[in-house]
Every structure is written in C-alpha cells, then in structure tokens.
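Working through the structure, step by step
Below are the chains, spelled out letter by letter.
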Amino acid sequence: MKTKFKKVVLAAASATLLGAVANTVQAANWLMLQGTEPAGAGKRAHVWGFIQAQYQKDDSKANATDGYVPPKLIAPNLDDQSQFNVNRARIGVRGTALPLDSNVNYFILTEFGNNGITYPEDNTHLTDASITLNHIKGARVRMGLFKYPGAEEGLQAIHVFDYVNFTSVTNQLLLERFQQAGNQATQTGDFNQPATPSPNADMNQYTRSVGAFRDVGIQVFDTFKATDWEHSYALMYGNGNGLNFGDNDDNKDVYLYWSSERVFGGKGPRREGWKTFAWYEDGKRTNPNDPTQEQDRTRYGIGTKYLKKPFRLTAEYMKGEGMIFMGQHRPLHQFNNKEAEGWYLEGGWYIPGTKWELDLRYDTYTRDENFVAPIPPTATPSAPGDETEFNTITVGTQYHFNKKTRLNLEYASRDNKSDTAAVEAQQKGVEGRFAIQVTAIF
Amino acid sequence: MKPIVHRLVAVLLALGLCVYSLQASAAEKSFAETKVVLQISDNDPFKQTLVLNVANNLIKHYGPDQVDIEIVAFGPGLRLLFAENVNAGRIQSLVDNGVRFAACNNTVRGMSKILGEEPALNQNAVRVSAGVVRIMDLSKEGYQLIKP
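Conventions we followed
Residues numbered from 1 in each chain as written. Chains lettered and ligands numbered in written order. Predicted model: local features only at pLDDT ≥ 70, side-chain atom pairs only at ≥ 80, totals over all residues. Helix = DSSP H or I, 4+ residues; strand = E, 2+ residues; numbered from the N terminus. Buried ≥ 20, exposed ≤ 12 C-beta atoms within 10 Å, placed from the backbone. Contact = placed C-beta atoms within 7 Å. Expected span 1.5 Å × (residues − 1). Arc of directions from axis to C-beta. pLDDT = per-residue confidence, 0-100. Core = buried A, V, L, I, M, F, W, Y, C linked by C-beta atoms within 7 Å. Pairing = 2+ DSSP bridges. Axes fitted to C-alpha atoms, helices over the stretch in contact; angles between N-to-C directions.

Observations concerning the overall build of chain B
Assigned secondary structure in chain B consists of five helices and five strands. Written out in order from the N terminus, the α and β elements of chain B read α-β-α-β-α-β-α-β-α-β. A total of 148 residues make up chain B; the buried ones form 34% of that total. For chain B, long-range pairs separated by at least 24 residues make up 79% of all intrachain contacts whose partners lie at least 6 apart in sequence.

Laid out in structure tokens, this is it:
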C-alpha cells in the first residue's frame, strides 16, 4: 500500500513539476469536453456521431508450420490478413435536459461498428451513459458509464485520433480485455488457441467486450483557469468492469488524474496548447476460472502534448503490474502478476496552405518483465526470461476534406522479438501493416 | 398588503433606473449615424455566437463611435445574458466597445418560476420590462432591427 501511495505522490509530483517547468502548455481538455456542456449555451439534445470505414492489409508471414497469430491478422475478427471494415459507427445524444439549468448535463453514445467493443458479444453496445452535476464549484460530479481519466491516447476522443491503430502499449497495457470462465479441454468459454492457418482462423478468443478505456462509477473533477493556464483534476471510483453496467466482484478501481496546460487558443478537441499530465489507476480482478483468486491490477503514466499549428508533438510513458494481456488468442494467460511498460513519441506537421498533414510515430512496449510463473490454468506456461518486445514505427498522412471529414493513410513497420523461443518463432514473421480510413463526423 | 405594494414600488423603481441607464448609455452615442437593435430570442447556442459576431462585425465596419448597438434578449434567448454563460468574456469585450445588453424582465420572471429561483444575470445586462416593447421603442427612435 505504501508503495502505491508513493507512486500516486510521484505521479502527482511529476505532473506538477512538468507543469511548472513548461513555459507554454496543452491541447484539448477531455474532462471538460466529454463531461460538461457549455454553460448557458448547451442544447437540450444535440444528436451527434461519426463513422469510420477502413481497409487494412497485413504483410506478415506465417510461421514455420504455416500458422498465424493475432499480430499477423486484422482485428477484431483476426481471421484474415486483409479486410474492409466499418470499425466504428457511433451515434449519440448529449446536452442539457433543461436548457435553463446548466448545472445538469448528460451524455449517451452507442457503438454499431465492428471492433473490440462489439465483436465478442453482439453488434451493438452502449459505450457512454452519464450524468454530470455541476452544482459545486471545483467539484463537478459525473456518474454512470464513461471514459475514466487516464492516458491521453485512451482518454482522447477517438474520432479525432491522428492514427488508425493504437500504439502497442495502449492496445496491450491499457485497453483491458475481460476474461470469461473457459475450459481448454472442452474449448468452451475463453480458451487458448495455438497459431492457426489463415484464412478462417478466428484467433479472437475473448467473449467479452474490451474495456474501451471506460468504467461505470462516479468521478469528481473540475478545471481551474488562471490567465492562459488550465489546471484539471479528476478522482474516480468505479467497478473496474469495463462497459458492463454491473460489477462482477466486490473490488473497485480507483483512478487519479492531474493535468496542467497553457492554452494558446481555439476551442474543442483541436484546441491549441501544451499539456502535461499524470495518472494512476488501481484495482483488483477476480479469476473467472477460480473465483477464490484475486490479482492486483495497477497502471500509471505521465505524458505531454503540444499542439500549435503547424506542429504537434505527443509523448507518453506508461507502466503496469498485474493482468498483463498476453495475446488475443491466449485469454487464460491474462490472469497473472507480470509487469510491462512502454512509451511512444509522435509528431505531426500540418503542411501550411494545404489540407494535408504528415504524421510519424514510434512506440515500444515490453511485456512480461521480471518474470513470475503464471497462475494456472494455462495451456502453455511461459518460461523464465519470457520478455517480449513490440517496436513500431508508423508513418502516416491525413487529408482533411473539411473540419468534419478526413482520410487517414498509414503504414506501420513492426519489429517484435521475444526471449522465449516459442513466442519468438511466432513474432518473427510480423511485418508491415497498411491502413486507409475515412472518418466522417456529424 | 403593504409589503406587496412596497415590492411593486421597488420593482418599478428598479426598472425605471434600468431604462434610465439604457437611455443614458444610448444618449452617449446619440451622434452615431447607424443605430442597430439586435434581437436574440432563440434557444439555439449557435444564435448566441451569431448575434455576438454580428455586433462585433458592425463595430469593426463602422467603428465603435459610429455605430450604436443594443442587443435585446428575451424568451429562450435570455440564456445569453445568464451570468454563467460561456460567452461572458465576449459580452464584456463588446460592452467595452459601447454595446448595450437588455434583458427582458418578463422572461426573467417566467424562468424564475421554472427554476424555482431567479437566474443570475450578467452584470452588464440591464433589465427592461419587456424585450419586445424595448425593441419597438428603439425602432421608433430610428434603430434598425436585425434578428440574426
């Protein structure tokens, strides 16, 4: 507990220090953008949403026995190396139910696209349903299902995300997968699956939606302005059960967040500024295959984002302990007390006088540091020294047809390696991945 | 009975002072060649931005001393003059350039019933007995009515 407290203090101190050191600071204030409506100017019911249609092609090669693992296949189906997909189609309503009273606002959003939220369970899933009470100055209260305060890549609005795919560290460390009880022998529920020949591999062995950086709970938050600076905080207490309305155990998650930013100008999700932030989340998970077993799950990180056209620069570092994701084909390996960490650095250049933007990102993620024997049941136990590294360089470009519609083109060059021979054999053939995506916001 | 009479007198006095205040402000600009009254009576937040933009553009075009602008808010449009409104900064900036803001007292009373308390208004808002009457009075004085 003392160690955790130290980490919280360190995280907060880092944010404060970074904020103090920075001469200029931040981008969008997601806490306010997602959780509140403009005072005195909110709509009763603002219908909005977005559609993302994409094509992806993976150039990875099969292993020695013609087998494929998830990194070589296109998500969420994981049964082929090329795919057209409507990966996101969301529609929602937000506003101030009684426009005369800005103290109460709401937000509801539903996902109809094909992704980790909808693929495992059904074709439709509510992603947000929250109410915010703004009666207490300095302590707004938001309750319901919504994005928890955390890393920029997860907290930001996905329809303005500058890339098609997440970094490995965000995808594996933060985008939580939730296990169901599974039986390896009878292959029911969630079970592990060895590399499978493609096509028709369907390596996605999870039967529950990903967490989508969301939780059901209560959050106290606010933003304080001082000249050009904005300081924001958030404290959240939630189920730690992703998009599910109810809880699956007695354990709750705690989330802490702080950001300091200097605002340059503009408004909305592409507001110009320089932001530094730190966050921490902690909870416990119950083993679905043995409810007597519990495992701590801790994540924390710091980051900074600078946006002043024509330049954008973002850097984040994240670390996690417990419940480390071991692959979409290996749900039974997820209940573990391993460690992992990673970081990314990305930048963008809005070519002056054009509608084009160039993007470049490097991300790295190391899984299974400081090996600890996996908790049974596992089909293929890891061996000591089983560290796997995921390194990716993504080169991309965006063409902004208008403020609401844009095209993303990107190519990710990947270099994965592992200390374990079996994993190394699978990761060896992982190569580039091309993606094209059109986003239309309405 | 007396307290009601007292309240009535107090309200009338307050409104009288407000109207006097608006007239005094208008008198300061009586030499302006262009006189405009802008109406905001819509619930749409976009209209709030629009009416402020129009006022700003008029000042830019004619110059702050050459145009006399009053923005009259009533009905759902009164939200523009709520103290908490996100456009408070822009309103202050326009006031600094001589723009006047009138708030309909009939609307304030109606909203008070719905909210259970009187909404706090922007400190720059001057109450008038009725927004529509204020617009008609200004029209008689040669103001051009624009409803963005």
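Picking up where we left off.
A short note on the overall build of chain A
In terms of helices and strands, chain A carries five helices and 18 strands. Looking at chain A as a whole, 47% of its 442 residues are labelled buried.

Details of helix α2 (residues 45-62) of chain B
Residue and element names in this part refer to chain B. Between its terminal C-alpha atoms α2 stretches 26 Å, which fits the 26 Å expected from 18 residues at 1.5 Å a residue. For α2, the complete set of buried residues consists of Pro45, Gln48, Val51, Leu52, Ala55 and Leu58. Here the buried residues of α2 occupy an arc of 160° about the axis, which is enough to place them on one side. Away from the buried face of α2 by more than 90 degrees, exposed residues Phe46, Asn53, Asn57, Lys60 and His61 are located.

Focus: the confidence of the model for chain A
In this model, chain A carries a mean pLDDT of 89, and residues with pLDDT of at least 70 account for 90%. Low pLDDT (under 50) marks residues 1-26 of chain A, which in the prediction has 47 contacts with non-local residues, meaning those over four places away or in another chain.

So, the nonpolar core
Residues Leu173, Ala234, Tyr257, Phe277 and Trp279 of chain A are the most contacted members of the largest nonpolar core, which totals 43 residues. Counting residues in each nonpolar core, the second largest holds 32 residues, with Leu38, Leu58, Leu78 and Leu81 of chain B among its members.

Describing the sheet that holds strand β4 (residues 125-128) of chain B
Residues and elements named next belong to chain B. Pairing within the open sheet is parallel, and its five strands lie in the order β4-β3-β2-β1-β5. In the strand order of this sheet, the two ends are held by β4 and β5 (144-146), each with one partner. Strand-to-strand twist of the sheet, defined as the mean angle between neighbouring strand axes without regard to direction, takes the value 30°. The pairing of strand β1 (residues 34-40) with β5 spans three bridges and is classified as parallel. Opposite valine 36, over in β5, you have glutamine 144 as the bridge partner. Running over the sheet, α2 touches β1, β2 (67-73) and β5 and is turned about 170° from β1. Helix α5 (residues 131-140) rests against β1, β2, β3 (100-104), β4 and β5 of the sheet, and its axis sits at about 160° to β2.

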